[in-house]
Amino acid sequence: QVQLVESGGGLVQAGGSLRLSCAASGRTFSNYAMGWFRQAPGKEREFVAIINRGGGSTSYADSVKGRFTISRDNAKNTVWLQMYSLQPEDTAVYYCAAAFRRLGLGRNENEYDYWGQGTQVTVSS
């Protein structure tokens, strides 16, 4: 019912910045809390950030707090992840995910109903 398409990944030097975008289909985008996850080679997928349905509350993994910012525009059916001061350990495939009618800020991937295909972020030292 919901299709998510990520974009904005690429190769960046350590200390640089990237802005990831996630475009959602449909006209009920505001019914979903939106999250970002990432998966590095040989590692499990991990939580990065979440924003609530209205966009007024956010939560971040400790590893990215202070460097990454999640935002959304429900009129545009879009969520972003602005990443500053990128480090090689941030290298991963980044996934956008949607959680239907959540009021909290879930960090468990099992709480999400829809997933995008992912976009590669590579940070060189």
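Our subject is the structure listed above.
Residues numbered from 1 in each chain as written. Predicted model: local features only at pLDDT ≥ 70, side-chain atom pairs only at ≥ 80, totals over all residues. Heavy atoms only, no water.

Asks: Where do I start with the state of the cysteines in this structure?
Replies: In protein structure, a disulfide is the covalent linkage between the sulfur atoms of two cysteines. Enumeration according to the criterion identifies one disulfide in this entry. Disulfide pairing places Cys22 opposite Cys96 at an S-S distance of 2.1 Å. Taking the torsion about the S-S bond as the criterion, the Cys22 to Cys96 disulfide, at about -80 degrees, is left-handed. Here Cys22 is found in strand β3 (residues 18-24), whereas its partner Cys96 is found in strand β9 (residues 92-100), with 74 residues between them in sequence. For Cys96, a relative accessible area of 0% corresponds to the buried category. (Disulfide = S-S within 2.5 Å. Helix = DSSP H or I, 4+ residues; strand = E, 2+ residues; numbered from the N terminus. Buried < 20%, exposed > 50% of the residue type's maximum accessible area, 1.4 Å probe, protein only.)

Asks: Looking at this structure, how should I read the side chain of Asn52?
Replies: Looking at the secondary structure, you find Asn52 in the loop between β5 (46-51) and β6 (58-60). Every residue in contact with Asn52, bar those within four places of it in the chain, is listed here: Ala33, Ser57, Arg72 and Leu105. (Contact = heavy atoms within 4.5 Å.)

Asks: Can you walk me through the nonpolar core in this structure?
Replies: One recurring pattern in soluble globular proteins is that nonpolar side chains are buried together. Within the largest apolar cluster, 38 residues are counted, with the highest numbers of intra-cluster contacts made by Leu4, Met34, Trp36, Val79, Leu81, Met83 and Tyr94. Going through the elements one at a time, β3, β4 (32-39), β5, β7 (68-73), β8 (78-83), β9 and β11 (119-124) are the ones with two or more residues in this core. For this core, the element with the highest residue contribution is β9, accounting for six residues. Residues in contact with Tyr94, not counting those within four places in the same chain, are Glu6, Leu20, Trp36, Phe37, Arg38, Val48, Phe68, Leu81, Met83, Gly118, Thr119 and Val121. (Core = buried A, V, L, I, M, F, W, Y, C linked by side-chain atoms within 4.5 Å.)

Asks: Explain the pattern of salt bridges here, please?
Replies: Pairs may arise between side chains of opposite charge once their charged atoms sit close together. Inspection of every chain in the model, using the stated rule, returns five salt bridges. Taking the shortest distance from any N to any O, the salt bridge between Lys65 and Asp62 comes out at 3.6 Å. Salt bridges linked by common partners bring Arg38, Glu46, Arg67 and Asp90 together as one network. (Salt bridge = Lys/Arg side-chain N within 4 Å of Asp/Glu carboxyl O.)

Asks: Sorry if this is basic, but what is going on with the packing of aromatic side chains here?
Replies: The full count for this structure, using the stated rule, is six aromatic pairs. Considering the side-chain rings of Tyr32 and Phe100, the 5.2 Å spacing of their centres and the 50 degrees angle between planes classify their relative orientation as tilted. Of this pair, Tyr32 sits in strand β4 while Phe100 sits in strand β9, and the two are 68 residues apart along the sequence. The class for Tyr32 is buried, based on a relative accessible area of 5%. A relative accessible area of 39% places Phe100 in the partly exposed class. An angle of 80 degrees between the planes, with centres 5.8 Å apart, marks the rings of Phe37 and Phe47 as edge-to-face. On the criterion of sequence distance, the pair formed by Phe37 in strand β4 and Phe47 in strand β5 is long-range, its members being ten residues apart. As far as the burial class goes, Phe37 and Phe47 line up, both buried. (Phe/Tyr/Trp six-rings, centres within 6.5 Å; stacked < 30°, edge-to-face > 60°.)

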